[in-house]
Amino acid sequence: MAMKALKSLALASVLGVSLASGAANAADELTLQLKWVTQGQFAGYYVAKDKGFYEEEDLDVTIKPGGPDIAPPQVIAGGGADVIVDWMPSALASREKGVPLVNIAQPFKKSGMMLTCLKETGITSPEDFKGRTLGVWFFGNEYPFLSWMSQLGIPTDGGEEGVTVLKQGFNVDPLLQKQADCISTMTYNEYWQVIDAGIPAEDLIVFKYEDQGVATLEDGLYVLESSLDDPAMVDKLARFVKASMKGWAYSAEHPEEAAEIVLENDATGAQTEKHQIRMVGEINKLVDGSDGKLDMSAYERTVKSLLSGGSDPVITKEPEGATTTVVTDKM
């Protein structure tokens, strides 16, 4: 009986040690909130998870898709995520309004934002926008557009010398139904929806924000300032960014596989293979071999653009502490 009790005690002791070591070796959990639904725009993160790059960095990453009713700054402010993907105009506007967001990495080097117009409208240059109806996304996506119109000196409240802003849903219907002369599109998504709807490229004219000198940074990684006060969290974020950029590099080398991984993670089943392969290809052009580090000249250009909104700028003063290199320096 005594021997049996001794064996039980020994077994319990061994189990205790193994459970303790299991707890000690548990991967660090991290939650990423995306800006939009599961699609090729976020291929790098899904690839990093699928290929085990996060696991290699001892991370257990949860990826939360976004949608029309999800504002990433609100999600992180409410404790629903550790990191968010957001456009810099939205992040800086949120920061000025009291959500202390900080850019820790910038996977996207270039903007994919465009205005796409029907050639039959006779629009050939931005000067021709006056008196027209333009489709614009809101929920933080309107800031680059408003900044651009301000720089052109075109009011956004209608009239012959201004533009009428049509609050555009996240679709291309206003152009197809000719409710708008031009609509907001991304190089990797809505532009191709117009093409797929039967309007050939030769019947369209596009104005890329990059080409117009008004591009602002998109799809950066942001955390709350308080996260950066914790060295363990900074270390975790550095491992996350390192693995994510490995995911983006893999996506550039294997776009079709990356698209398949995205499709496997699309719980809605709404995405198509053709569209996602094309999207990943276009997204890779925007990432453009990025190492994740923020280009400060691109940051300064974005800030300058957002400040130049005349009587209604996106931000009213030069941001302080809105970016940091502490995470990418540790990679």
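Coordinates for the structure precede this section.
Let me sum up the structure you'll find in this document. (Residues numbered from 1 in each chain as written. Predicted model: local features only at pLDDT ≥ 70, side-chain atom pairs only at ≥ 80, totals over all residues. Heavy atoms only, no water.)

### Overview of the packing of helix α9 (residues 231-253) against helix α10 (residues 255-265)
The test is simple: Axis lines are fitted to C-alpha atoms, over the contacting stretch for helices. Their N-to-C directions set the angle, which ranges from 0 to 180 degrees. Counting from the N terminus, the helices are the DSSP runs of H or I reaching at least four residues and the strands are the DSSP runs of E reaching at least two. Oblique is the label for any angle not under 35 degrees, not over 145, and not in the 65 to 115 range, which are roughly parallel, roughly antiparallel and roughly perpendicular in turn. Between two residues, a contact is recorded if the distance between any of their heavy atoms is within 4.5 Å. Residue polarity is assigned by list, with Asp, Glu, Lys and Arg as charged and Ala, Val, Leu, Ile, Met, Phe, Trp, Tyr, Cys and Pro as nonpolar; anything else, Gly included, falls into the polar class.
The interhelical angle for the contact between α9 and α10, taken along N-to-C directions, is 120°, at an axis separation of 5 Å. Relative to α10, α9 is oriented oblique. Where α9 abuts α10, its residues Tyr250, Ser251, Ala252 and Glu253 lie against Pro255, Glu257 and Ala258. Its residues assigned to classes, the contact of α9 with α10 shows 4 nonpolar, 1 polar and 2 charged.

### Focus on the layout of surface pockets
Inclusion rule: Cavity and pocket criteria rest on a 1 Å grid covering protein atoms alone: a 1.4 Å probe that fits but cannot get out defines a cavity, protein on both sides within 12 Å along at least 5 of 7 lines defines an open pocket, and an atom within 4 Å of a point defines a lining residue. Grid points are joined across faces, edges and corners, and a volume is the space filled by probe spheres set on the points.
Volume-wise, the largest pocket comes out at about 820 Å³. Along its surface, the largest pocket is lined by 43 residues, and Lys35, Trp36, Gly67, Asn141 and Phe170 are the ones closest to its centre. For the lining of the largest pocket, the secondary-structure elements that each account for two or more residues are α4 (72-77), α5 (88-96) and α8 (190-196). Grouping the amino acids of the lining of the largest pocket by side-chain chemistry returns 19 nonpolar, 17 polar and 7 charged.

### Details of helix α11 (residues 273-287)
Counted only if it meets this: Multiplying 1.5 Å by the residue count of a helix minus one yields the expected span of that helix. Using a 1.4 Å probe on the protein chains alone, a residue whose accessible area is under 20% of its type maximum counts as buried, one over 50% counts as exposed, and one in between counts as partly exposed.
For α11, with 15 residues, the first-to-last C-alpha span of 21 Å sits near the 21 Å given by 1.5 Å per residue. What α11 keeps buried is the set His275, Gln276, Arg278, Met279, Val280, Glu282, Ile283, Asn284, Leu286 and Val287. Phi for aspartate 288, located one or two positions after α11, is positive at around 50°.

### Notes on the environment of alanine 93
Here alanine 93 lies in helix α5. Along the sequence, alanine 93 and tyrosine 143 sit 50 residues apart, while their C-alpha atoms lie 8.8 Å from each other.

### A look at the packing of aromatic side chains
Test applied: Between the rings of Phe, Tyr and Trp (Trp by its six-membered ring), a pair exists once the centres lie within 6.5 Å; its type follows the angle of the planes, with under 30 degrees stacked, over 60 edge-to-face, and the other angles tilted.
Applying the stated criterion across every chain yields a total of 11 aromatic pairs. With 5.6 Å between their ring centres and 80° between their planes, tyrosine 45 and tryptophan 248 make a pair best called edge-to-face. One end of the pair, tyrosine 45, is in helix α2 (residues 43-50); the other, tryptophan 248, is in helix α9, with 203 residues separating them in the sequence. Residue class for tyrosine 45 comes out buried when judged on its relative accessible area of 2%. Seen in terms of ring centroids, phenylalanine 129 and tryptophan 148 are 5.7 Å apart; in terms of plane orientation they differ by 85°. Their pairing is edge-to-face. Of this pair, phenylalanine 129 sits in the loop between β5 (113-118) and β6 (133-136) while tryptophan 148 sits in helix α6 (residues 143-152), placing them 19 residues apart in sequence.

Everything listed here is a matter of coordinates, which is why it stays silent on function.
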